[in-house]
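Chain by chain, the residues run as shown.
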Amino acid sequence: DQQVKQNSPSLSVQEGRISILNCDYTNSMFDYFLWYKKYPAEGPTFLISISSIKDKNEDGRFTVFLNKSAKHLSLHIVPSQPGDSAVYFCAASAKTGANNLFFGTGTRLTVIP
Amino acid sequence: DVKVTQSSRYLVKRTGEKVFLECVQDMDHENMFWYRQDPGLGLRLIYFSYDVKMKEKGDIPEGYSVSREKKERFSLILESASTNQTSMYLCASSPPGQSTGNTIYFGEGSWLTVV
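What you see is a predicted model, and the numbers here were worked out from it, not measured in a lab.

A. Highlighting the packing of aromatic side chains. In the structure shown here, the tally under the stated rule is 12 aromatic pairs over all chains. Seen in terms of ring centroids, A:Tyr25 and A:Phe33 are 4.7 Å apart; in terms of plane orientation they differ by 40°. Their pairing is tilted. Taking the relative accessible area as the measure of exposure, A:Phe33 reaches 1% and is therefore buried. Seen from their ring centres, A:Phe103 and B:Phe106 are 6.2 Å apart, and the 75° between their planes marks the pair as edge-to-face. Here B:Phe106 lies in strand β10 (residues 105-106) and A:Phe103 lies in strand β10 (residues 102-103), a pairing that spans two chains. A network of ring pairs unites the aromatic residues A:Tyr36, A:Phe46, A:Phe103, B:Phe33, B:Tyr35, B:Phe48 and B:Phe106 as a single cluster.

Right under this line is the structure:
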């Protein structure tokens, strides 16, 4: 049973435009959310996170939004760059502790120059 | 620079073979993990270890075992490989205690094909 879902397996965006990647979760006990980025032939790397006490967290071109009532989070990348082309995984945790991470299925982002 | 190294990037094994996937981290982390990544299923936790000789089952431990004899090394063992274990395997490590997910470091992955 997939507790974290990314319903869009792929997304294509023009360079300079906004990329919006979406993630839904079912477990209301999740209180910490993360986005990881994965290039081919490399392991995932941490990108940005948000605690459930917040509804927005920003880091440079990356912003994560959390809507707890809808059990939905999104990652905005503005402006998108070709180097952002990768697979993005969202992940959720019910308590602080990496062994409790639940990952989504990933969205492949392609930024077109 | 932090490093999680998986010794084998690409392996092809026969059904019924015993398979060892090795992982070494150089960050002195207590926690180590094995995930598998499959299309449409994301990353699923197989086993994790929070100390030498300690291990706990993740979401999909069936058909796998692990060994942690030294702090820096965490091995995943497929006792009798089957075709449904064809996958990408990711090793990861993180600091001890209540670490948050943003401190988890992944290796580059091992692509295993069982024929």
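B. Summary view of the sheet that holds strand β1 (residues 4-6) of chain B. Residues and elements named next belong to chain B. Read across the open sheet, the 4 strands follow the order β1-β3-β8-β7; overall the sheet is antiparallel. Unpaired on one side and paired on the other, β1 and β7 (64-70) mark the two borders of the sheet. In this sheet, adjacent strand axes meet at a mean angle of 20° when their direction is disregarded.

C. Examining the environment of A:Phe89 more closely. Note on placement: A:Phe89 falls in strand β9 (residues 86-93). For A:Phe89, a relative accessible area of 1% gives the class buried. Through-space distance from the C-alpha of A:Phe89 to that of A:His72 is 14 Å; in sequence the pair is 17 residues apart. With residues up to four places along the chain from it excluded, the contact list for A:Phe89 reads A:Gln6, A:Leu34, A:Trp35, A:Tyr36, A:Lys38, A:Phe103, A:Gly104, A:Thr105, A:Gly106, B:Gln37, B:Gly42 and B:Leu43.

D. Looking closely at the nonpolar core. A:Phe33, A:Trp35, A:Leu73, A:Leu75 and A:Tyr88 are the most contacted members of the largest nonpolar core, which totals 23 residues. Contributions of two or more residues to this core are made by β3 (19-25), β4 (32-38), β5 (45-51), β7 (62-67), β8 (72-77), β9 and β11 (107-112) of chain A. When residues in this core are grouped by element, the largest group, 4 residues, is from β9(A). By size, the runner-up hydrophobic cluster in this structure holds 21 residues, among which are B:Met27, B:Val66, B:Leu78 and B:Leu112.

E. Unusual backbone geometry, seen in detail. Residue and element names in this part refer to chain A. With an omega dihedral of -15°, the bond running from Val78 to Pro79 counts as a cis peptide bond. Looking at the element boundaries, Pro79 is found in the loop between β8 and β9. The phi angle at Lys71 is positive, at roughly 50°, despite the residue not being glycine. Looking at where Lys71 falls in the secondary structure, it is placed in the loop between β7 and β8.

F. Layout of the pairing of β4(A). All names here are of chain A. Counting buried positions along β4 yields 7 of 7 residues, so the element is predominantly enclosed. Covered by surrounding structure in β4 are Tyr32, Leu34, Tyr36 and Lys38 together with Phe33, Trp35 and Lys37, the residues of both alternating faces. Where β4 and β5 come together, 6 bridges link them in antiparallel fashion. If you follow Tyr32 over to β5, its bridge partner there is Ser51. Hairpin connection from β4 to β5: 6 residues lie between these consecutive antiparallel strands, with Ala41 at a positive phi of about 65°. Relative to β9, β4 runs antiparallel, the two being bridged by 7 bridges. Residue pairing across strands places Lys38 opposite Val87, the latter belonging to β9.

G. Structural detail: the sheet that holds β7(A). Residue and element names in this part refer to chain A. Strand order in this open sheet of 5 strands is β1-β3-β8-β7-β6, and the pairing throughout is antiparallel. Each having just a single partner strand, β1 (4-5) and β6 (56-59) make up the two edges of the open sheet. Judged from the 6 bridges that link them, β7 and β8 form a sheet pairing that is antiparallel. Within β8, the position partnered with Asn67 by the bridge is His72.

What counts, and where the lines are drawn
- Residues numbered from 1 in each chain as written.
- Chains lettered and ligands numbered in written order.
- Predicted model: local features only at pLDDT ≥ 70, side-chain atom pairs only at ≥ 80, totals over all residues.
- Heavy atoms only, no water.
- Phe/Tyr/Trp six-rings, centres within 6.5 Å; stacked < 30°, edge-to-face > 60°.
- Buried < 20%, exposed > 50% of the residue type's maximum accessible area, 1.4 Å probe, protein only.
- Helix = DSSP H or I, 4+ residues; strand = E, 2+ residues; numbered from the N terminus.
- Pairing = 2+ DSSP bridges.
- Axes fitted to C-alpha atoms, helices over the stretch in contact; angles between N-to-C directions.
- Contact = heavy atoms within 4.5 Å.
- Core = buried A, V, L, I, M, F, W, Y, C linked by side-chain atoms within 4.5 Å.

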